Amino acid sequence: MSGSSSTSSHQFLTAVLFRQGPSAMPYAEDVKWMIRQHVISLLDAFPALRPQTAAYTHNDGRTVDLLQVAGTVPMVYLQVTYHVPIVVWLMEAYPRQPPCVYVNPTRQMVIKRPHPHVNPSGLVSLPYLQNWIYPTSNLADLARNLSVVFGRDPPLYSQQPRPNPNPNPNTFPPIAYPPPRSHRPAEDSSQVYKRNAVDKLADRLNCDIEALRRSREAEMEQLINAQVLLRQREEQISKGLREMRDEKEGLEMQLQMVLMNSEIVEAWLSENLGKRIINVETAIEHSDLVSKQMLECSSSDLAIDDLIYALDKALQEGSISFDRYLKSVRMLSREQFFHRAMYAKARATQLQAHVSGMAQRSSSQIRMI
């Protein structure tokens with residue numbers, strides 16, 4: 001492929017594959033660059049091929065614009081090089097699915113019937129297409145496989161031209177192509193043996209290559225799965241390290257608080273060591289009898305709440321009978337009501353005394369003024 005033609009093909013592929021909007025090609029975004037590389041490698045290996053876009057009609061009637069590569073691929077048949085016209089359609093699922101290959105005969109050519117790899121409509125079926133493996137299978141290897149397979153058994157042959165009573169000296173001769181095998185002269189036995197030996201050796205070599213490729217694909221798949229598992233483990237370890245680091249920082253802060261509080265307690269103990277022990281029961285004194293009565297009523301009220309809660313637990317556990325529970329709760333509720341009433345009355349008396357004291361202070365201040 002010449003430099004200008006190669007550059008134009010590269011620019012065409014880039015413009016077509018990465019086109020956006022309603023006219024975008026129906027290929028996945030993550031494989032468009034791979035499609036471009038596959039087509040470029042094919043064009044470099046087979047310069048007679050050219051990329052283009054065309055409308056493809058599916059069996060269900062749907063029509064979609066797809067990328068195709070059209071042209072000829074060489075084949076060697078009986079030590080003579082021929083060029084087979086083909087069309088390679090890159091379907092929507094390419095390269096995860098194989099392309100669709102057609103033999104495209106000219107008017108002077110006829111598809112051989114029957115052919116082991118080409119049906120009457122020109123559709124090509126090869127083991128390479130049937131065993132297509134993503135991402136190792138590619139268009140350049142497919143074209144090489146086509147050249148080898150067609151060289152063993154050509155899919156096309158030339159039609160016998162009809163005699164023209166008025167020949168035109170300016171007309172071109174028909175395209176040279178292998179004639180049907182029925183008209184082929186007998187071959188030398190040594191050549192037949194040699195060709196058969198080469199074919200068998202090529203088949204065996206292709207089988208070995210296919211087996212080696214499948215084993216390498218399986219190993220690659222295992223390595224990819226191991227890599228994914230290692231990445232997951234790495235994320236889990238990183239997450240665990242972050243959590244442990246955060247927990248360490250929190251524990252260090254709590255340790256600092258404990259040390260600081262310990263120093264405060266030790267300082268208080270050293271300061272108050274040997275002093276008179278304070279009785280917590282007598283540490284708080286009431287300012288008057290009303291406040292003392294309010295504190296006793298409030299403590300009794302809360303104590304009765306705790307006692308009723310304990311009775312509920314005992315009833316649930318079956319420690320007391322239901323009648324005894326009702327009798328006790330009725331008696332405690334009556335006593336609790338009495339304490340709450342006394343507390344409310346004492347509170348009202350305290351507020352009234354407080355208001356009277358404020359009034360007396362206000363009147364004495366007025367007299368002084």
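Provided above is the structure to which this section pertains.
Structural notes, computed from the coordinates.

About the cut-offs
Residues numbered from 1 in each chain as written. Predicted model: local features only at pLDDT ≥ 70, side-chain atom pairs only at ≥ 80, totals over all residues. Heavy atoms only, no water. 1 Å grid on protein atoms, 1.4 Å probe; cavity = no way out; pocket = protein on both sides within 12 Å on 5 of 7 lines; lining within 4 Å. Points joined across faces, edges and corners; volume = space filled by probe spheres on them. Helix = DSSP H or I, 4+ residues; strand = E, 2+ residues; numbered from the N terminus. Phe/Tyr/Trp six-rings, centres within 6.5 Å; stacked < 30°, edge-to-face > 60°. Buried < 20%, exposed > 50% of the residue type's maximum accessible area, 1.4 Å probe, protein only. Salt bridge = Lys/Arg side-chain N within 4 Å of Asp/Glu carboxyl O. Expected span 1.5 Å × (residues − 1). Patch = residues over 30% accessible without salt bridge, like charges linked within 9 Å, V, L, I, M, F, W, Y side chains within 5 Å. Areas by Shrake-Rupley, 256 points an atom, 1.4 Å probe, with all protein chains shown as cover. Lys, Arg positive; Asp, Glu negative; His and termini not counted. Charge placed at Lys NZ, Arg CZ, Asp CG, Glu CD.

1. Re empty space enclosed by the protein
Thought 1: This structure, assessed with the given rule, holds 1 cavity of 30 Å³ or more.
Thought 2: Put simply, the largest cavity is a space of about 40 Å³.
Thought 3: Residue contributions to the lining of the largest cavity peak at 4 residues, all from helix 4 (residues 139–152).

2. Describing the packing of aromatic side chains
Thought 1: Per the stated rule, a full pass over the model turns up 5 aromatic pairs.
Thought 2: Judged by centre distance (5.7 Å) and plane angle (50°), the rings of Tyr94 and Trp132 are tilted. Here Trp132 lies in the loop between helix 3 (127–130) and helix 4 and Tyr94 lies in the loop between strand 3 (80–90) and strand 4 (100–103), a separation of 38 residues in the sequence.
Thought 3: For Trp132, a relative accessible area of 11% gives the class buried.
Thought 4: Here the aromatic residues Tyr94, Tyr128 and Trp132 are joined through ring pairs into a cluster of three or more.

3. Quick word on the pattern of salt bridges
Thought 1: Considering all chains together, one arrives at 11 salt bridges under this definition.
Thought 2: With its nearest N and O atoms 2.8 Å apart, the salt bridge here joins Arg152 to Asp203. Of this pair, Arg152 sits in helix 4 while Asp203 sits in helix 5 (residues 189–272), and the two are 51 residues apart along the sequence.
Thought 3: For Asp203, a relative accessible area of 35% corresponds to the partly exposed category.
Thought 4: Residue Arg214 is joined to Glu210 by a salt bridge in which the shortest nitrogen-to-oxygen separation is 3.3 Å. Residue Arg214 and its partner Glu210 are located together in helix 5, separated by 4 residues, close to a single helical turn.

4. Concerning helix 6 (residues 289–317)
Thought 1: Taking 1.5 Å per residue, 29 residues should reach 42 Å; helix 6 reaches 42 Å between its end C-alpha atoms and fits that length.
Thought 2: Where helix 6 terminates, the next one or two residues include Gly318, which has phi positive at roughly 80°.

5. A few points about a negative patch on the surface
Thought 1: Among the surface-exposed residues, Glu243, Asp246, Glu247, Glu249 and Glu252 lie close enough to one another that they form a single negatively charged patch.
Thought 2: Inspection of the secondary structure assignment puts Asp246 in helix 5.

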